[in-house]
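Structure assessment
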Amino acid sequence: MEDLVRYPIDSASAKGVEYAEARLHVDTGSGVTLRNGIPEPVQLARAKGIAVRVLVDGAMGFASTNDLSRESLSGIVEVAYRTAKASKKLVSKPIRLSKEKADQTRWESKSRRSLLDVTTEEKFDVLEEIEKTLRPDVVKADLPSRTLVLFDNITDRYFANTEGARIHGTVSRISLLYILTVSEPGKGTIQRIGNKGETGGWEQVEKWNLPRFVSEEATTLGRILREAKHAPRGELDLVLGPEVTGIICHESCGHPQEADRILGREAAQAGESYVKPDMIGYRIGTAAVTVVDDPSIPNSYGFYLYDEEGVRTSRRTLIREGIITEFLHSRETGAEFGVNSNGAARAVSYDREPIIRMANTFMLPGKYTDEELVGDVRKGVFIKTFMEWNIDDRRYNQRYVGLEAYLIENGGITSPVRNPILEITTPGLYGSVDAVGKNAQFEAATCGKGEPDQGAPVWHGGPAIRLRNVRLGGQRVES
Amino acid sequence: MEDSALNPEQIVDEAVEYGAKLGIGEVAAAVTRERRKMLRFANNSVTVVQSWDQTIPTVYMTWKRKRAGARVENPSIEALREVMKTLKAAMDIAKPGQVEPTLPKGPFTYEPVPQTYDDRIPAMTNELADVTEEAINAALAEGARRSSGIVLTSEWERFVKTSAGAEGGDRGTNIELSIRAFVTDDSSGQGNSCATRLEDFNPKSAGAEAGRIANQARNPIFGNEGKYTVLFGPAVMAEFLGRTADFASAYSVDLGLSFLAGKVGQKVASEKLTLVDDRRLPGGINSCSFDEEGHPTQRTTIIERGVLKTYLHSSYSVAKYGGALTGSAFYVGGTWGIAPVALNVIVEPGEHREEELFERVGDGLYLTNNWYTRFQNYQTGDFSSICRDGAFQIKNGRVERPLKGLRISDNMPRILQSITSLSKDRRWIKWWEVPTPVYLPHIVVENVGITRATK
């Protein structure tokens, strides 16, 4: 594989480019589905392709192919060079890259049992064990629609650049997608789309105890449908579970602190940011709030050690005790801000450019037990999970609609409530956090950004958090 | 280095032949070869030019009520055979499904769709920057200060061959510009132009539209929650109606993720709405002559005067749900492999001039764009979506002032039922948030729920 990445680098160097890199991805993946107990098509995905990036007089060119012949590799170097050069007349600020160490290394996610050694039969067995626990007599609810999918993927990446970096990384990733619809006569339906995912081998699946996990989800949905009343509206206190804390950290901390968004590079797609370049040191929340992004957590869904620019990564503290402290950087934005890259440039496949992404974004745990968080609330709502959510393209105005949620009355959790709606600004949210729980949990997700779109595997999470005096409301058409 | 990739005809021949050797009942093989270039720009400056040359084979197999499929972005005989052998082994041990789908029986004659290829488009290299400059300058001339977006050119060839006797080839070109212009951080507008031929492509008008909306949107104030009569610009309804066409796919219905499930023959929208998936439209952005099961494409009316006429179908969904093939089967991955998808979503026009629609709204809102639509429940259609770019209050039939901070919080079936007027003029919408091209007018909807953040 070494020659496949070295050849384009040498070809680009011969053209006198400022910088060139080549990246080969070899992907092996499969998907196994059980739909209402019936197998759906077994699916495989294979990909083997290469991308090059060249910097020519401050203009960036990218080209990619899955034809790995010498002629084709020469062709993509030529087209990257030619198109970059042709675009120079419209490059008002030449692109520069931060100076980084050129490592030569090998890294991988650890697996005890390789996903390649797991048979299709074993995968179906896992799904069938889950399916058995979704019977009405087990979950006390009728599930007319059940979809269970096990996805696995192993990516081998070889990276080389003109500065001498040579990185070979391997990531093995597995996830369960479950889509459940619970129905109750006279009560309608309720739906849950969830993911469980980690890097590693088949041992991850074995430790998840999926039949119990999914069955509990289904039982809860049935209970909500049968028992939940309208959520209260107006000003009150909220306790948000780890799943909600996680999506908040991802949407209104991680995304707005991506330096490419701050500079406007994603303006026509995923948008810009309320955060401006000079906002390092700006208070956005209470002292209880510290949010980090850390790709290096073993077995995390967003795990990696080197990014797709060959930069070693580590934990980034985005908000420390309520104050914005760090942005997510690539080499391009690092040079623009006068800092080093912090290894946030990811590309999800051979045919995508590296752009700034989160990996595992979460709020650091505090000192409170969950009982203490709830115990100090006289009138409020505990939102444990969510289904609908969104945020504006400056990451300022966001909405989370609870799925599993309960009233809090006089310090105790009481009856379930349906669809509580939190619609709030980013400083309004982080400025209302007065207490953070001890126990962090994480959810696997796929984050979309870039054009062409790149769905990056990420984790987000944290502990339960408490918000004081926020407005629960919104307006919903009752269907 | 490796050997040169196989050509597409070799790949489909090999897949069908090897499938027969493995004893697989039916095989549909498709290969798309695509050469694309994309110039991305931000703040009036180019950020990167990207190019791709990819050959992407897919294979779909059915045998004894079992199905399997693969995307093989590694166009070599070894990779193809390894995948098909692995799939056959998986089918051997998998339990059979409920129905036995049968691939469409060929041979078929495929009539090429006119006006889908322009050899000047793939030849563009330096011209990408020229097109970008034209759009940016048009936005600046309308008062914008900075613009971001993309110019994309694409040339594609697709080949299909099935064990049921279908075989054919097709090709096309696309060019697309999407531009978002800003006057300040909270006053922005979007324009787009997409076409299969250069004479139908207009970067200048797209840039001017983006700049004009951004300029009109200067100094917005926060809007208020409530129920409004809303004039939706084509971009918003392209997102909603593109999704509606997706919900009409039998695949969405089967997954339990469609509010259209079980409603064929029922009134699901205002009688003003007729929604079509027309893959044979001359010059249609995604027009093509066959699907990836080898069935000829067609014009399929999904909703006719408010009544749901059919789901979009593949051979599997016809076997499971009944109905007729719609030439909609493409390899999507997901859980089905090959599944029915909408390609060219067309909304039949109304009878009003655009200006008349403002008068018909009287007092309400004009929303030009949106993003981030998410559903609470796909079967009921409860959802919300964020307004983006120019949003305006309409008073006495005229645009009164720009607004910000708004969210559409409503129910999709209710929105469809509450369409009251459509404009005569239509246009194509396709951009990052609307990946399936939609050709549609401005549309008025009554009693739309609007919310906003309050802290």
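Cut-offs applied
Residues numbered from 1 in each chain as written. Chains lettered and ligands numbered in written order. Predicted model: local features only at pLDDT ≥ 70, side-chain atom pairs only at ≥ 80, totals over all residues. Helix = DSSP H or I, 4+ residues; strand = E, 2+ residues; numbered from the N terminus. Rg over C-alpha atoms; globule rule 2.2 N^0.38 Å. Buried ≥ 20, exposed ≤ 12 C-beta atoms within 10 Å, placed from the backbone. Contact = placed C-beta atoms within 7 Å. Domains from an automatic or database assignment. Pairing = 2+ DSSP bridges. Axes fitted to C-alpha atoms, helices over the stretch in contact; angles between N-to-C directions. Nonpolar A, V, L, I, M, F, W, Y, C, P; charged D, E, K, R; others polar. Left-handed = near helix turned anticlockwise from the far one by under 90°. Expected span 1.5 Å × (residues − 1). Arc of directions from axis to C-beta. Parallel < 35°, antiparallel > 145°, perpendicular 65-115°, else oblique.

**Description of the overall build of chain B**
A tally of regular secondary structure across chain B gives nine helices and 24 strands. For 455 residues, the compact-globule formula gives about 23 Å, and the C-alpha radius of gyration of chain B, at 23 Å, lands near that figure. The buried share of chain B, taken over its 455 residues, is 64%. Within chain B, contacts between residues at least 6 apart in sequence are counted, and of these 74% link residues at least 24 apart.

**Remarks on the domain arrangement of chain A**
Residue and element names in this part refer to chain A. Examined at the domain level, chain A breaks down into domain 1 (2–227) and domain 2 (230–472). Placing a centre on the C-alpha atoms of domain 1 and another on those of domain 2 gives a separation of 22 Å. Across the contact, 42 residues belong to domain 1 and 33 residues belong to domain 2. Taken together, the elements giving at least two residues each to the side of domain 1 that touches domain 2 come down to strand E1 (19–35), strand E3 (42–56), strand E4 (59–65), strand E6 (142–161), strand E7 (166–184), strand E8 (188–199) and helix H6 (210–227).

**Topic: the sheet that holds strand E25 (residues 454–462) of chain A**
Residue and element names in this part refer to chain A. Taken together, the six strands give an open sheet; going across it, the order is E13-E12-E11-E16-E25-E24, and neighbouring strands pair in mixed fashion. The sheet is open, and its two borders are formed by strand E13 (323–324) and strand E24 (441–449), each paired with just one other strand. With nine bridges joining them, E24 and E25 adopt antiparallel strand pairing. Each bridged residue has a counterpart across the sheet, and for Thr 446 the counterpart in E25 is Pro 457. Contacting strand E11 (291–293), strand E12 (316–320), strand E16 (360–363), E24 and E25, helix H7 (residues 242–254) crosses the sheet at an angle of about 125° to E25.

**A short note on the domain arrangement of chain B**
Residue and element names in this part refer to chain B. In terms of domain boundaries, chain B breaks down into domain 1 (8–205), domain 2 (219–240 + 348–451) and domain 3 (241–249 + 261–346). For domain 1 and domain 3, the distance between their C-alpha centroids amounts to 18 Å. Each partner contributes residues to the interface: domain 1 has 36 residues there, and domain 3 has 23 residues. Mapped onto the side of domain 1 that touches domain 3, the elements with two or more residues apiece are strand E1 (26–42), strand E2 (45–63), strand E3 (66–73), strand E4 (146–162) and strand E5 (167–184). Of the residues in the side of domain 1 that touches domain 3, the class split is 16 nonpolar, twelve polar and eight charged.

**Remarks on the packing of helix H3 (residues 126–141) of chain B against helix H4 (residues 203–216) of chain B**
Residues and elements named next belong to chain B. Running from N to C, H3 and H4 cross one another at 35°; their axes reach a closest spacing of 7 Å. Seen from above, H3 lies across H4 with right-handed handedness. Here Val 131, Glu 134, Ala 135, Ile 136, Asn 137, Ala 138, Ala 139, Leu 140 and Ala 141 of H3 come into contact with H4, specifically with Pro 203, Lys 204, Ala 206, Gly 207, Ala 208, Ala 210 and Gly 211.

**A look at unusual backbone geometry**
Between A:Glu451 and A:Pro452 the backbone carries a cis peptide bond, its omega angle lying at 5°. Here the amide bond leading from B:Gly106 into B:Pro107 is cis, since omega sits at 0°, within 30 degrees of zero. On the secondary structure map, B:Pro107 appears in the loop between helix H2 (77–93) and H3. Despite not being glycine, A:Asn209 shows a phi value in the positive range, around 50°. Along the chain, the position of A:Asn209 falls in the loop between helix H5 (203–208) and H6. For A:Asn209, a count of 11 C-beta atoms within 10 Å corresponds to the exposed category. Located in the positive-phi region is B:Lys64, a residue other than glycine, with phi close to 50°. Positionally, B:Lys64 belongs in the loop between E2 and E3.

**Let's talk about the interface of chain B and chain A**
Facing 91 residues of chain B, the contacting portion of chain A comprises 87 residues. Tallying contributions element by element places E2(B) first for the side of chain B that touches chain A, with eleven residues. Residues that form the side of chain B that touches chain A fall into these classes: 33 nonpolar, 37 polar and 21 charged. Strand direction decides the pairing type here: E4(A) and E2(B), joined by five bridges, are parallel. When the sheet's bridge partners are listed, A:Ser64 is paired in E2(B) with B:Trp52.

**Overview of the environment of A:Ser72**
Secondary-structure assignment places A:Ser72 in helix H2 (residues 70–87). Excluding residues that lie within four positions of it along the chain, A:Ser72 makes contacts with A:Thr65, A:Asp67 and B:Ser4.

**Re the sheet that holds strand E10 (residues 299–304) of chain B**
Residue and element names in this part refer to chain B. Spatially, E11-E10-E9-E14-E23-E22 is the arrangement adopted by the six strands of the open sheet, whose pairing is mixed. Of all the strands in the sheet, the pair left with one neighbour each is strand E11 (307–308) and strand E22 (427–431). Bridge count for E10 against E11 is two bridges, and the pairing is antiparallel. Looking across to E11, one finds that Ile 303 is bridged to Leu 308. Sitting on the sheet, helix H5 (residues 234–247) is in contact with strand E9 (275–278), E10, strand E14 (345–347), E22 and strand E23 (434–440), with an inclination near 110° to E23.

**Examining helix H3 (residues 120–132) of chain A**
Since there are 3.6 residues in each turn of an α-helix, residues three or four apart along the chain are aligned in direction. All names here are of chain A. Over its 13 residues, H3 runs 18 Å from end to end, which matches the ideal 18 Å to within 8%, given 1.5 Å per residue. Buried residues of H3: Thr 120, Lys 123, Phe 124, Val 126, Leu 127, Ile 130 and Glu 131, and no others. The arc that holds every buried residue of H3, seen down its axis, measures 155°, which confines them to one face. Set apart from the buried face of H3 by more than 90 degrees, the exposed residues are Asp 125 and Lys 132.

**So, the packing of helix H1 (residues 2–14) of chain A against H2(A)**
Residues and elements named next belong to chain A. Closest axis-to-axis distance for the H1/H2 pair is 10 Å, and the angle between their directions is 45°. Accordingly, the angle class assigned to the pair H1 and H2 is oblique. The hand of the H1/H2 crossing is right-handed. Residues Tyr 7, Pro 8, Ser 11 and Ala 12 of H1 lie in contact with H2, whose contacting residues are Arg 70, Leu 73, Ser 74, Val 77 and Tyr 81. Of the residues in the contact of H1 with H2, the class split is six nonpolar, two polar and one charged.

**Let's talk about the pairing of strand E22 (residues 421–425) of chain A**
Residues and elements named next belong to chain A. With four of five residues buried, E22 is to be regarded as a mostly interior element. In this sheet, E22 lies alongside strand E19 (residues 397–402) in antiparallel orientation, the contact comprising five bridges. Each residue of the ladder has a partner; that of Arg 399, found in E22, is Glu 423.

**Regarding the environment of A:Tyr19**
Residue and element names in this part refer to chain A. Tracing the sequence through the fold places Tyr 19 in strand E1. The exposure class of Tyr 19 is partly exposed, given the 18 C-beta atoms found within 10 Å. Through-space distance from the C-alpha of Tyr 19 to that of Arg 96 is 9.6 Å; in sequence the pair is 77 residues apart. Sequence-distant contacts of Tyr 19, that is, excluding residues within four places in its chain, are made with Leu 55, Leu 97, Asn 161 and Thr 162.

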